[in-house]
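Commentary on secondary and tertiary structure
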Amino acid sequence: MPEIVLSHVTKRWDKFYAVDDLNLVIEDNAFVTLLGPSGCGKTTTLRMIAGLETPTSGRITIGDRVVFDSEKGINIPANKRKVGFLFQNYALFPHMTVFQNVAYGLTIKKVPKDEIRRRVTEMLSLVQLTGYENRKPDALSGGQKQRVAIARALINNPKVLLLDEPFSALDENLRGEMRALVTQLHRSLGMTTVLVTHDRAEALSMADRVAVMFGGQIAQTGTPQEVYDHPVNRRVADYFGDCVYLSGQISDHLFCCEQLPFAVPAPSLPDGRYEMMLRCSALHPEQEGDFAVEVRDIQFQGAQTAVTFCHHSLTFQKTFERRPDWKVGDRLSCKLDCSGAVFFSQD
């Protein structure tokens, strides 16, 4: 299975840079998510890997094969890159049956009929659609259509599977089911998989590595835990949400907070002004601490309850598995666990 390398890849329309001098290495057999807000360039990047969009400049390799090189004039067509592409809108042929949709890629290659039947049967079994061969797309649920699209993307044994926000049209239960199926297929088939999404939970739960994108560039790459726990800047931290910032001064390896009455060790940082970022999970109410918070809002969400706490201008929202006994307006003593703090310089 191939490694994918994008070197100085740019996509420009007139003066607008959809992707700007992007460099990315996707390792063999990895599951990588391109994560970012709408318009950040993640889908354009995916389409350039697939050959569905032509870069303005740069170089793309899949395995040991150069599929695009602007300087050498190389641009391998999409149908020869051995890449499976799963579109957001499924892109099924409405007049064809499930069998015909899945078999389409083999049919146009004039694969013998017996082999087509065998491979389609195996693929439909893999995506749990045995018995649906003769149905047409309008007789399928959203989840079933997605399974047909997955089977069609995999039928030609691609070296790479590219997925462009494939679960966004599904309801919550189906999204969870499809995420589990794609993750299982990635592991069992051993493909290099690249998923585009703006869903943070989806990116963190499915991928081996996450590339966070803004404005056509990659802001940070790392494991899901690395990009969540150790964002490189405030923009990455804010994109994942669930954080609060405390201003203060580091002096002699000690961060002195302005909003709260405590100091935190900061042994590796030089003196200066900083913001300390904490995830809201660091707040532990009803524990002996140095400050009090007020319960401002309680939102029951079924299996979980989201509670908003305030301390002067600071706001924390924390989710609890149980429904707490507090009421809006209650004041609670609390503790902050600053062991996971991240510091951003303000100088």
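Presented here is a report on the structure given in the accompanying data block. Source: prediction; values computed, not measured. (Residues numbered from 1 in each chain as written. Predicted model: local features only at pLDDT ≥ 70, side-chain atom pairs only at ≥ 80, totals over all residues. Heavy atoms only, no water.)

**So, the pairing of strand β20 (residues 331–336)**
- Of the two faces of β20, only one is covered, namely that formed by L332, C334 and L336; the face formed by R331, S333 and K335 stays uncovered.
- Sheet topology note: the strand β17 (residues 291–300)/β20 ladder contains four bridges and is antiparallel. Its bridge partner being in β20, E294 is matched across the sheet by R331. (Buried < 20%, exposed > 50% of the residue type's maximum accessible area, 1.4 Å probe, protein only. Helix = DSSP H or I, 4+ residues; strand = E, 2+ residues; numbered from the N terminus. Pairing = 2+ DSSP bridges.)

**Re the nonpolar core**
- Membership of the largest hydrophobic core comes to 46 residues, with the highest contact counts inside it found for V102, V120 and I150.
- Leaving out residues up to four positions away in the same chain, I150 has contacts with L86, V127, M178, L181, V182 and L185.
- Judged by nonpolar contacts, the second largest core, of 30 residues, contains V244, L260, V264 and L283. (Core = buried A, V, L, I, M, F, W, Y, C linked by side-chain atoms within 4.5 Å. Contact = heavy atoms within 4.5 Å.)

**Structural notes on the sheet that holds strand β4 (residues 57–62)**
- In space, the five strands of this open sheet follow the order β2-β1-β4-β5-β6, with antiparallel pairing throughout. The strands lining the two open edges of the sheet, one partner per strand, are β2 (16–26) and β6 (74–75).
- As defined by bridge partners, strand β5 (residues 65–69) adjoins β6 across two bridges and the pair is classed as antiparallel. Note that in β6 the partner of D69 across the bridge is I74.
- Helix α1 (residues 42–50) contacts β1 (4–13), β2 and β4 of the sheet and is inclined by roughly 115° relative to β1. (Axes fitted to C-alpha atoms, helices over the stretch in contact; angles between N-to-C directions.)

**Focus: the environment of S247**
- Inspection of the secondary structure assignment puts S247 in strand β12 (residues 243–251).
- In this structure the C-alpha to C-alpha distance between S247 and G36, which are 211 residues apart in sequence, comes to 27 Å.
- Leave out the neighbours within four places in its chain, and S247 touches F255, C256, C257, E258, Q259, R273, Y274, E275 and Q346.

**Brief notes about the environment of Q304**
- Turning to its location among the elements, Q304 is positioned in the loop between β17 and β18 (305–311).
- Here the alpha-carbon distance between Q304 and D114, two residues 190 residues apart in the chain, equals 52 Å.
- Setting aside its immediate chain neighbours within four residues, Q304 contacts Q299, T319, F320 and E321.
- A distance of 3.0 Å separates the side chain of Q304 from the side chain of E321, its partner in a polar contact. (Polar contact = N/O pair within 3.5 Å; in protein donor to acceptor, adjacent residues only side chain to side chain.)

**Overview of the layout of surface pockets**
- Computed from the structure, the largest pocket encloses a volume of approximately 710 Å³.
- Around the largest pocket, the lining is made up of 23 residues, and of these N79, V83, G84, F85 and N156 lie nearest the centre.
- Among the elements that take part in the lining of the largest pocket, strand β7 (residues 83–86) stands out by supplying four residues, more than any other.
- Taken together, the residues of the lining of the largest pocket break down into 15 nonpolar, five polar and three charged.
- Taken as a whole, the second largest pocket spans an internal volume of roughly 330 Å³.
- Counting residues per element, the lining of the second largest pocket draws most heavily on strand β19 (residues 314–320), at five residues.
- The residue makeup of the lining of the second largest pocket, split by class, is three nonpolar, six polar and two charged. (1 Å grid on protein atoms, 1.4 Å probe; cavity = no way out; pocket = protein on both sides within 12 Å on 5 of 7 lines; lining within 4 Å. Points joined across faces, edges and corners; volume = space filled by probe spheres on them. Nonpolar A, V, L, I, M, F, W, Y, C, P; charged D, E, K, R; others polar.)

**Considering the packing of aromatic side chains**
- Under the definition given, this model contains 10 aromatic pairs.
- Of the aromatic side chains, those joined through ring pairs into one cluster are F214, Y228, Y239 and F240.
- In this structure, R234 is placed above the aromatic ring of Y245, and the distance from its NZ or CZ to the ring centre is 3.7 Å. (Phe/Tyr/Trp six-rings, centres within 6.5 Å; stacked < 30°, edge-to-face > 60°. Lys NZ or Arg CZ within 6 Å of the ring centre and 35° of its normal.)

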